[in-house]
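An overview of the molecular structure
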Amino acid sequence: PPRTILGYISRAKDAMKQGKRVAWTAPNGLRVVSEYSGFKKREIKSVAFKTRMRISEPTNKPDTKRTANAVAPNFIHSLDASHLDFVLHEAKKQGIPVAAIHDDFGALAPHIVALHDIIRSTFVMMYQDNTILKELQESTGFATDPPSPGTLDLSATMCSTYFFGADPREGTHCYARGTSPKA
């Protein structure tokens, strides 16, 4: 369940209190370190302009609160970025020009069906045997194991009508391949 996973990821603050960095390797191989520097505020007086300004200067200490609040969003963004990376690489291999913004993809009409298949197949490939939460546990030293992945059959996303936009084939392709009905 998403809330359980979010709660697990948010435990990174406990690792930070023990002086450990919160880091993981995204599915595309990118090493992610989620850490924000602390800042101290300082006031500067301007004699020429007869005013005072406050500036923030970085410190050598990490900002544990800011880092803890950012771990879950950074983790999800790293997964989205990995999926984008996999989609773009596969589309390039197949000669399909793709426009992408964050986790939204677009292609010319003749390539839409192929792009839908690429989006779905790379998603399934990325999460089918993914152990990213286990790696997060090992790198941060979480005392408890990650939550179980649940019972979702990821291959069912191959037939989902509205997974990343409506499939122009309206689900008939799933039956033709002998897979389960659309999700």
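Residues numbered from 1 in each chain as written. Predicted model: local features only at pLDDT ≥ 70, side-chain atom pairs only at ≥ 80, totals over all residues. Heavy atoms only, no water.

1. Structural notes on the packing of aromatic side chains
Heads up, the condition is: Pairing of aromatic side chains requires ring centres within 6.5 Å, counting the rings of Phe and Tyr and the six-membered ring of Trp. Pairs whose planes differ by under 30 degrees are stacked, by over 60 edge-to-face, and all others tilted. In DSSP terms, a helix is any run of H or I states spanning at least four residues, a strand is any run of E spanning at least two, and both are numbered starting from the N terminus. Accessibility here uses a 1.4 Å probe with only protein chains present; expressed as a share of the type maximum, an area under 20% marks a residue as buried, one over 50% as exposed, and anything in between as partly exposed.
According to the stated counting rule, one finds two aromatic pairs in the structure shown. Between the aromatic rings of Trp 24 and Phe 75, the centroid separation amounts to 5.3 Å while the plane-to-plane angle is 65°, which identifies the pairing as edge-to-face. Residue Trp 24 is located in strand E1 (residues 23–25), and its partner Phe 75 is located in helix H3 (residues 64–93); the two are separated by 51 residues in the primary sequence. By relative accessible area, which is 2% here, Phe 75 ends up buried. Pairing Phe 123 with Tyr 127 gives two aromatic rings, centres 4.8 Å apart and planes at 50°, and the pair type is tilted. Within this pair, Phe 123 and its partner Tyr 127 are both found in helix H4 (residues 112–128), separated by four residues, close to a single helical turn. The class of Tyr 127 is partly exposed, set by a relative accessible area of 25%.

2. Some words on the side chain of Gln 137
Let me state the cut-off plainly: Pairs of N or O atoms within 3.5 Å make up the polar contacts considered here, provided that, within protein, one atom can donate a hydrogen while the other can accept it, and that residues adjacent in sequence are counted only when both atoms are side-chain atoms. Contacts: residue pairs with any heavy atoms within 4.5 Å of one another.
Relative to the assigned elements, Gln 137 resides in helix H5 (residues 132–140). Polar side-chain contacts of Gln 137 include one of 3.0 Å to the side chain of Lys 134. With residues up to four places along the chain from it excluded, the contact list for Gln 137 reads Tyr 8, Phe 142, Ala 143, Thr 144, Asp 145 and Pro 146.

3. Quick look at the pattern of salt bridges
When the charged atoms of two side chains with opposite charge come close together, those side chains can pair. Short version of the rule: Here a salt bridge means any side-chain nitrogen of Lys or Arg lying within 4 Å of a carboxyl oxygen belonging to Asp or Glu.
Under the defined criterion, the tally for this structure stands at seven salt bridges. Among the salt bridges present, the one from Glu 57 reaches Arg 42, with a minimum N-O distance of 3.2 Å. Highlighted residues: Glu 57 in strand E4 (residues 51–62) and Arg 42 in strand E3 (residues 37–46), separated in sequence by 15 residues. The shortest N-O distance in the salt bridge between Glu 43 and Arg 54 comes to 3.9 Å. Highlighted residues: Glu 43 in strand E3 and Arg 54 in strand E4, separated in sequence by eleven residues. The exposure class of Glu 43 is partly exposed, given its relative accessible area of 40%. One continuous salt-bridge network, built from bridges that share partners, spans Glu 43, Arg 52 and Arg 54.

4. Some words on the packing of H3 against H4
Helix packing for two helices is described by the angle between their axes and how far apart those axes are. Counted only if it meets this: Under this scheme, a helix contributes an axis fitted over its contacting stretch, all axes are lines through C-alpha atoms, and angles between N-to-C directions fall in the 0 to 180 degree range. Here roughly perpendicular refers to angles of 65 to 115 degrees, roughly parallel to angles under 35, roughly antiparallel to angles over 145, and oblique to all remaining angles. Left-handed is the label given to a crossing in which the near helix is rotated counterclockwise from the far helix by less than a right angle, and right-handed is the label when the rotation is clockwise.
The N-to-C vectors of H3 and H4 enclose an angle of 130°; their axes lie 9 Å apart at closest approach. Between H3 and H4, the crossing angle belongs to the class labelled oblique. Note on packing geometry: the crossing formed by H3 with H4 is right-handed. Here Leu 79, Ser 82, His 83, Phe 86, Val 87, Glu 90 and Ala 91 of H3 come into contact with H4, specifically with Leu 115, Ile 118, Ile 119, Thr 122, Phe 123, Met 125, Met 126 and Tyr 127.

5. With respect to the pairing of E4
Rules: Any two strands are treated as partners once DSSP identifies two or more bridges connecting them.
Pairing of E3 with E4 involves nine bridges; the strand directions are antiparallel. Residue Lys 41 lies in a different strand from E4, and its bridge partner there is Ser 56.

6. Description of the nonpolar core
So the rule is basically this: Think of a nonpolar core as a cluster: buried Ala, Val, Leu, Ile, Met, Phe, Trp, Tyr and Cys residues, connected wherever their side-chain atoms sit within 4.5 Å.
Among the nonpolar cores identified, the biggest contains 18 residues, and Ile 9, Val 22, Trp 24, Phe 75, Leu 136 and Phe 142 are the most heavily contacted of them. When contributions to this core are tallied by element, the ones reaching two or more residues are helix H1 (2–9), helix H2 (12–17), H3 and H5. Among the elements that line this core, the one with the most residues is H3, at four residues. Dropping the residues within four chain positions of it, Phe 142 is found in contact with Tyr 8, Ile 9, Arg 11, Ala 12, Ala 15, Leu 136 and Gln 137. Ranked by size, the runner-up nonpolar core spans 13 residues in total, among them Leu 84, Val 124, Leu 154 and Phe 163.

7. Describing the packing of H1 against H5
This is how the line gets drawn: As a working rule, the residues Ala, Val, Leu, Ile, Met, Phe, Trp, Tyr, Cys and Pro are called nonpolar, Asp, Glu, Lys and Arg charged, and the rest polar, with Gly in that last group.
It is at 11 Å that the axes of H1 and H5 come closest, and there the two elements cross at 25°. When the axes of H1 and H5 are compared, the pair comes out roughly parallel. In terms of crossing hand, the pair formed by H1 and H5 is left-handed. On the side of H1, the interface is formed by Ile 5, Tyr 8 and Ile 9, while H5 contributes Leu 133, Leu 136 and Gln 137. For the contact of H1 with H5, a count of residues per class yields five nonpolar, one polar and no charged.

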